[in-house]
Amino acid sequence: MTNSLGTALVTGASEGIGAVYADRLARRGYNLVLVARSAEKLAALAASLGDATGRTVEVLQADLTNPADLGRVEARLGAEPAIDLLVNNAGFSTVSAFADLTSTQVSAILDLNVTALARLAWAATGPMANRGKGTVINIGSVVSVAPLPNAALYGATKAFVLTLTQALEAELGSKGLRFQAVLPGATRTNLWAKSGLPVEHLPQEIVMETDAMVDAALAGFDQGEVVTIPALVDVDGWNQFETARLALNGKLSSAQPASRYLA
Ligand code: NAP
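Examining the layout of surface pockets
Of the voids in this model, the largest pocket is the one considered here, and its volume is about 1,100 Å³. What lines the largest pocket is a set of 46 residues, and nearest its centre among them are G91, F92, S93, Y154 and L191. Elements with a contribution of two residues or more to the lining of the largest pocket: α1 (16–28), α4 (103–131), α5 (152–172) and α6 (191–195). Take the lining of the largest pocket: its biggest share by element is 4 residues, from α6. Taken as a whole, the second largest pocket holds about 250 Å³ of empty space. Together, 15 residues line the second largest pocket, and E225, V227, T228, I229 and V235 are the ones closest to its centre. No other element matches the 5 residues that helix α8 (residues 235–247) contributes to the lining of the second largest pocket. Here the residues of the lining of the second largest pocket are counted per class, giving 9 nonpolar, 4 polar and 2 charged.

Right, here's the structure in full:
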């Protein structure tokens, strides 16, 4: 068994992308804390990963849209053994016209994709900053940079994930912490069926297998990327986009409106 790299807490670990992260991180040498609502699935994964890797695997059943449960996960992030890596992965989507969402769905998407993700990043980064080390991987989506109809709210929550990650890297990157936003394209998980559009209904040439997506995201992490887009072939396009965005810094606030707005 390799030496422990510390402890990683993975949200949404019961299936899909989070379950693959749990597998890969255990094999890399992390002990794990697995978070999701499905206790039985988490227990089964914990047993199989513990057997396969010899790592310690804790299960923390929680509905991250429930304030008391969210508080318990926050508390774990500040407890011992310390959390060295947070994978903020749990997320939810509904394929629907914005006006057709129910108010309950609007709140549920925001509670999980925004509030829980931000609260957990906040709870993790305080102790990490005190120790001068730690990593937060936030799972976003390509819809954060390519907003789509019928995914308006979901895309906006993922834009939040991207912006939060980039800002935290700017704020805490020089203090020993690392941040990565992963922007998957369509990935073969049950998220699609739950959202109302089974993944089989997508053009299969745009659907990546979950193992391949997570392995690519971890390769991007190993290469030091802050933003990783596993499916993007033309990384120059992203780099130009970022260069153009950063070039606007210092030009976006002024005492005077731009001349084109003056009568
Ligand atoms: P998934 O297969 O549906 O898995 C979602 C995970 O989140 C499950 O473990 C689920 O477990 C957990 N979860 C859902 N609601 C929760 C809640 N209220 N509290 C705690 N855990 C909860 O989805 P996935 O495709 O792996 O998605 C993972 C992340 O990738 C999400 O943030 C998603 O937006 C993002 N993403 C996915 C795709 C894609 O094409 N699949 C593309 C871009 C981004 P329980 O049901 O047991 O709670």
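Observations concerning the packing of α1 against helix α2 (residues 39–53)
α2 packs onto α1 with a crossing angle of 25 degrees between their chain directions and a minimal axis gap of 10 Å. The angle between α1 and α2 places the two elements in the roughly parallel class. For the element pair α1 and α2, the recorded crossing hand is right-handed. Note on element contacts: α2 touches α1 through L45, L49, A52 and T53, opposite A19, A22, D23, A26 and R27. Here the contact of α1 with α2 is built from residues that sort into 6 nonpolar, 1 polar and 2 charged.

Describing the site of the ligand
Neighbouring the ligand are 31 residues, the closest being R37, S38, Y154, T189 and K194. The contact in question runs from an oxygen atom of the ligand to an N or O atom on the backbone of N89, over 2.7 Å. Taking L191, its main chain carries an N or O atom lying 3.5 Å from an oxygen atom of the ligand. Those elements giving two or more residues to the shell around the ligand turn out to be α1, α5 and α6. At 3 residues, α6 tops the list of elements feeding residues into the shell around the ligand.

Here we look at α4
In a regular helix each residue adds 1.5 Å, so 29 residues correspond to 42 Å; α4 covers 41 Å between its end C-alpha atoms and thus fits that length. Approximately 40 degrees is the largest bend angle found in α4, and it occurs at D111. Summarising the contacts, the buried residues of α4 are in contact with β1 (6–11), α3 (67–77), β4 (85–88), β5 (134–139), α5 and β6 (177–182). One or two residues past the end of α4 sits G132, with phi positive at roughly 75 degrees.

Let's talk about the pairing of β4
Side-chain alternation along β4 places L85 and V87 on one buried face and L86 and N88 on a second face that is also buried. As paired elements, β1 and β4 share 3 bridges and run parallel to each other. If you follow V10 over to β4, its bridge partner there is V87. Of the pairings in the sheet, the one linking β4 to β5 comprises 4 bridges and is parallel in character. Pairing of N88 across the sheet is with N138, part of β5. With α4 bridging β4 and its parallel neighbour β5, the resulting β-α-β unit is right-handed.

Notes on the nonpolar core
Generally speaking, nonpolar side chains in soluble globular proteins are found buried as a group. Counting residues in hydrophobic clusters, the biggest one holds 29 residues, and the most contacted among them are Y21, L25, L32, L34, V87 and I137. Within the residue set of this core, elements represented by two or more residues are β1, α1, β2 (30–36), α2, β4, β5 and α7 (210–222). At 7 residues, the largest contribution of residues to this core is made by α1. Counting residues in each nonpolar core, the second largest holds 24 residues, with L9, A123, V136 and L168 among its members.

The rules we used
Residues numbered from 1 in each chain as written. Predicted model: local features only at pLDDT ≥ 70, side-chain atom pairs only at ≥ 80, totals over all residues. Heavy atoms only, no water. 1 Å grid on protein atoms, 1.4 Å probe; cavity = no way out; pocket = protein on both sides within 12 Å on 5 of 7 lines; lining within 4 Å. Points joined across faces, edges and corners; volume = space filled by probe spheres on them. Helix = DSSP H or I, 4+ residues; strand = E, 2+ residues; numbered from the N terminus. Nonpolar A, V, L, I, M, F, W, Y, C, P; charged D, E, K, R; others polar. Axes fitted to C-alpha atoms, helices over the stretch in contact; angles between N-to-C directions. Parallel < 35°, antiparallel > 145°, perpendicular 65-115°, else oblique. Left-handed = near helix turned anticlockwise from the far one by under 90°. Contact = heavy atoms within 4.5 Å. Near = heavy atom within 4 Å. Polar contact = N/O pair within 3.5 Å; in protein donor to acceptor, adjacent residues only side chain to side chain. Expected span 1.5 Å × (residues − 1). Bend = angle between axes of the 7 residues up to and from the residue. Buried < 20%, exposed > 50% of the residue type's maximum accessible area, 1.4 Å probe, protein only. Pairing = 2+ DSSP bridges. Right-handed = clockwise from strand over helix to strand, strands pointing away. Core = buried A, V, L, I, M, F, W, Y, C linked by side-chain atoms within 4.5 Å.

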